[in-house]
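Descriptive analysis of the structure
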Amino acid sequence: MSAPDEHRRDRVADPAADPAADPAAPGERRSGLRNPDKAVRGLGAGTLALEALVLLLAIQPIRVVGGDLSGAAIAAIVALAVVCVVLAGRMGRPWAWQAGTVVQGLLLLSGLLHWSLLALGIIFGLVWAYALHVRRVILG
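Residues numbered from 1 in each chain as written. Predicted model: local features only at pLDDT ≥ 70, side-chain atom pairs only at ≥ 80, totals over all residues. Heavy atoms only, no water.

1. Structural notes on the overall build of the chain
- Secondary structure assignment for the chain yields 5 helices and 0 strands.
- Of the regular secondary structure in the chain, the N- to C-terminal order runs α-α-α-α-α.
- For the chain, the proportion of its 140 residues judged to be buried stands at 28%.
- Of all intrachain contacts in the chain linking residues separated by at least 6 positions in sequence, the fraction that spans at least 24 positions is 63%.
- About 9100 Å² of surface is accessible on the chain, with carbon and sulfur atoms providing 65% of the total. (Helix = DSSP H or I, 4+ residues; strand = E, 2+ residues; numbered from the N terminus. Buried < 20%, exposed > 50% of the residue type's maximum accessible area, 1.4 Å probe, protein only. Contact = heavy atoms within 4.5 Å. Areas by Shrake-Rupley, 256 points an atom, 1.4 Å probe, with all protein chains shown as cover.)

Structure below.
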């Protein structure tokens, strides 16, 4: 046995106290994360915060490249960005994931105001679907 292994054995006197030695219960998947709930909340919050940032930064390029962007479309973009920021701060609530899904649907519907919002809705809808998939895999 090498010196580092002996040092580890001395430090962890009780094998039950070593989290690496704790096998998962039969049928239970372990993610390997210290706090999977917090990691998943961070994923959802980061996704929504990125969406809010992209929405706000997209206003000017859409106006320049995409043509006529109505005041209603700009108001929808700003409102959706604000909702995304608020939801990003509320990802610890049980209803926040469902509300995030509703936001993706609203962004898709805002595509009726301008075609580029439909494109953003499709992109962020797919990103949100992936985040939901990761959440299901990690939390079970």
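2. Notes on the nonpolar core
- In this structure, L48, L55, M91 and L120 are the most contacted members of the largest nonpolar core, which totals 26 residues.
- If you list the elements that add at least two residues to this core, you get α2 (36-65), α3 (71-89), α4 (96-109) and α5 (115-139).
- The element best represented in this core is α2, accounting for 8 residues. (Core = buried A, V, L, I, M, F, W, Y, C linked by side-chain atoms within 4.5 Å.)

3. Remarks on the confidence of the model for the chain
- Residue-level pLDDT values for the chain average 83, and 78% of them are 70 or greater.
- Mean pLDDT across the elements of the chain bottoms out in helix α1 (residues 3-11) (53) and peaks in α4 (96). (pLDDT = per-residue confidence, 0-100.)

4. Observations concerning α3
- Compared with the 27 Å implied by 1.5 Å per residue over 19 residues, the 27 Å span of α3 between its first and last C-alpha is a close match.
- Listing the buried residues of α3 in full gives A73, A76, I77, L80, A81, C84, L87 and A88. What you see down the axis of α3 is that its buried residues fit within an arc of 130 degrees, all on one side. Away from its buried face, by an angle of more than 90 degrees, α3 presents the exposed residues G71, V85 and G89.
- Contacts made by the buried residues of α3 are with α2, α4 and α5. (Expected span 1.5 Å × (residues − 1). Arc of directions from axis to C-beta.)

5. Digging into the packing of α3 against α4
- Packing of α3 against α4 brings their axes to within 10 Å, and their N-to-C directions diverge by 165 degrees. By the angle between their axes, α3 is roughly antiparallel relative to α4. Between α3 and α4 lies a crossing whose hand is left-handed. Packed against α3, whose contacting residues are L80, V83, C84 and L87, the element α4 presents A96, A99, G100, V103, L106 and L107 at the interface.
- Residue classes in the contact of α3 with α4 are distributed as 9 nonpolar, 1 polar and no charged. (Axes fitted to C-alpha atoms, helices over the stretch in contact; angles between N-to-C directions. Parallel < 35°, antiparallel > 145°, perpendicular 65-115°, else oblique. Left-handed = near helix turned anticlockwise from the far one by under 90°. Nonpolar A, V, L, I, M, F, W, Y, C, P; charged D, E, K, R; others polar.)

6. Digging into the environment of I77
- Tracing the backbone shows I77 in helix α3.
- Sequence spacing of I77 and S110 is 33 residues, and the spatial spacing of their C-alpha atoms is 8.3 Å.
- In this structure, I77 is in contact with L55, L56, I59, L69 and L117, ignoring residues within four places of it in sequence.

7. Quick look at the side chain of E51
- Relative to the helices and strands, E51 is located in helix α2.
- Buried within the structure, E51 lacks any salt-bridge partner; R135 is the closest side chain of opposite charge, at an N-O distance of 15 Å.
- Among residues more than four places away in sequence, those in contact with E51 are C84, V103, Q104, L107 and F124. (Lys, Arg positive; Asp, Glu negative; His and termini not counted. Salt bridge = Lys/Arg side-chain N within 4 Å of Asp/Glu carboxyl O.)

8. Brief notes about α2
- Look at α2: 42 Å from first C-alpha to last across 30 residues, which is about the 44 Å you get at 1.5 Å a residue.
- At A58, α2 shows its largest bend, some 40 degrees, and a proline, P61, comes one to four positions later.
- Of all the residues in α2, the buried ones are V40, G44, A45, T47, L48, E51, A52, L55, A58, I59 and I62.
- At the C-terminal side of α2, G67 shows a positive phi close to 95 degrees. (Bend = angle between axes of the 7 residues up to and from the residue.)

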